[in-house]
Amino acid sequence: PGDTLRIPDTLSAREIQTRLDSTWLDLNIPEFRLRVVEGADTVQRFLVRVGQNKKRFQKLLNREEDLRTRTGTGTIIRINRTPTWFVDPHTGTKLVETKRDDHRKTRMPMIPWIETEINGHRYGQLIHPTTNPESLGKAWSNGCIGLSEADTWRLYYHTPVGTRIVIRYDLNVPLPGGDTLRLRDIYAPKKSKRT
């Protein structure tokens with residue numbers, strides 16, 4: 001009572017569908033930026049965290065895994081709107097709580113998780129919220145793309161299943177005035193320590 005539901009007419013529905021069809025995601029890993037692009041216009045820009053530059057044994061997979069976020073092109077193939085099953089990939093144990101950067105423990109957030117398929121493969125490379133905002137702008141994850149909780153909701157409304165995604169690793173970023181910004185190579189090979 002007292003609320004209104006607007007149902008688009010055929011013309012409005014066609015305009016909405018055209019906008020959705022021209023929407024795609026652009027992630028530049030060393031820039032820690034995920035963009036929502038409609039045609040050629042960036043309509044949203046999010047600070048993210050990306051995968052770490054190392055390998056680590058993942059009990060969930062029962063093998064050592066490269067934790068770097070993988071590059072390529074693909075699509076959003078699934079959205080879990082009510083995630084209830086969270087697993088620590090290192091230990092294989094179910095997660096019920098999370099410890100936030102403010103050292104408070106809370107239950108895992110009920111915010112959609114977005115699954116990608118990159119270069120025809122399902123790597124388990126998800127786009128999902130992090131309860132630790134201090135990790136944004138860093139190579140911190142196990143390969144997934146992490147956003148703030150609020151930004152994950154914003155992204156959710158722009159990315160239905162089938163949305164195209166481009167994940168790239170460009171160190172040179174063009175600036176509006178014609179200059180170029182050179183980013184730090186976060187996935188540069190690690191130098192071996194001499195003994």
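Refer to the preceding data block for the structure.
Cut-offs used in this document
- Residues numbered from 1 in each chain as written.
- Predicted model: local features only at pLDDT ≥ 70, side-chain atom pairs only at ≥ 80, totals over all residues.
- Heavy atoms only, no water.
- Buried < 20%, exposed > 50% of the residue type's maximum accessible area, 1.4 Å probe, protein only.
- Helix = DSSP H or I, 4+ residues; strand = E, 2+ residues; numbered from the N terminus.
- Arc of directions from axis to C-beta.
- Contact = heavy atoms within 4.5 Å.
- Phe/Tyr/Trp six-rings, centres within 6.5 Å; stacked < 30°, edge-to-face > 60°.
- Lys NZ or Arg CZ within 6 Å of the ring centre and 35° of its normal.
- Core = buried A, V, L, I, M, F, W, Y, C linked by side-chain atoms within 4.5 Å.

J.: Please give an account of helix 2 (residues 149-156) that cites residues and values.
T.: Asp 151, Thr 152, Leu 155 and Tyr 156 are the residues of helix 2 that are buried. Looking straight down helix 2, one finds its buried side chains confined to an arc of 145°; they lie on one side.

J.: Talk me through the environment of Leu 136; I want residue IDs and the actual numbers.
T.: Relative to the elements of secondary structure, Leu 136 occurs in the loop between strand 13 (126-129) and strand 14 (139-141). The class of Leu 136 is buried, set by a relative accessible area of 14%. Put simply, Leu 136 and Thr 152 are 16 residues apart on the chain and 13 Å apart in space, counted from C-alpha to C-alpha. Aside from chain neighbours lying at most four places away, what touches Leu 136 is Leu 47, Val 48, Arg 49, Thr 130, Gly 146, Leu 147 and Ser 148.

J.: Hey, could you go over the side chain of Thr 152 for me, with residue numbers and the actual values?
T.: With respect to the secondary-structure elements, Thr 152 resides in helix 2. In this view, Thr 152 contacts Ile 111, Pro 112, His 128, Pro 129 and Leu 147; residues no more than four positions away in its chain are not counted.

J.: Give me the lowdown on the packing of aromatic side chains, citing residues and values where you can.
T.: Scanning the model with the defined rule gives five aromatic pairs in all. Between the aromatic rings of Phe 86 and Trp 113, the centroid separation amounts to 5.4 Å while the plane-to-plane angle is 55°, which identifies the pairing as tilted. Of this pair, Phe 86 sits in strand 8 (residues 86-87) while Trp 113 is found in strand 12 (residues 113-118), placing the two residues 27 residues apart along the sequence. Across the pair, exposure class does not vary: Phe 86 and Trp 113 are buried alike. Here Trp 153 and Tyr 157 contribute two aromatic rings whose centre-to-centre distance is 6.4 Å and whose plane-to-plane angle is 25°, an arrangement assigned as stacked. According to the relative accessible area criterion, Trp 153 is partly exposed, its value standing at 31%. A residue is classified by how much of its surface remains accessible, and Tyr 157, at 60% relative accessible area, is exposed. Taken together, the ring pairs connect Trp 153, Tyr 156 and Tyr 157 into an aromatic cluster. The ring of Tyr 187 is capped by Arg 68, whose NZ or CZ atom sits 5.9 Å from the centre of that ring.

J.: Tell me about the nonpolar core, and name the residues and values.
T.: If you look at the biggest cluster of nonpolar residues, it comprises 22 residues, and the most contacted ones within it are Leu 25, Leu 34, Ile 127, Leu 147 and Leu 155. Of all the secondary-structure elements, those providing two or more residues to this core are strand 1 (23-28), strand 2 (33-38), strand 7 (72-80), strand 12, strand 15 (145-147), helix 2 and strand 16 (164-168). Apart from the residues within four sequence positions on either side, Ile 127 is in contact with Leu 25, Ile 76, Trp 113, Ile 114, Thr 116, Ile 145, Leu 147, Leu 155 and Ile 165. Counting five residues, the second largest nonpolar core, distinct from the first, contains Met 108, Trp 113, Leu 126 and Cys 144.

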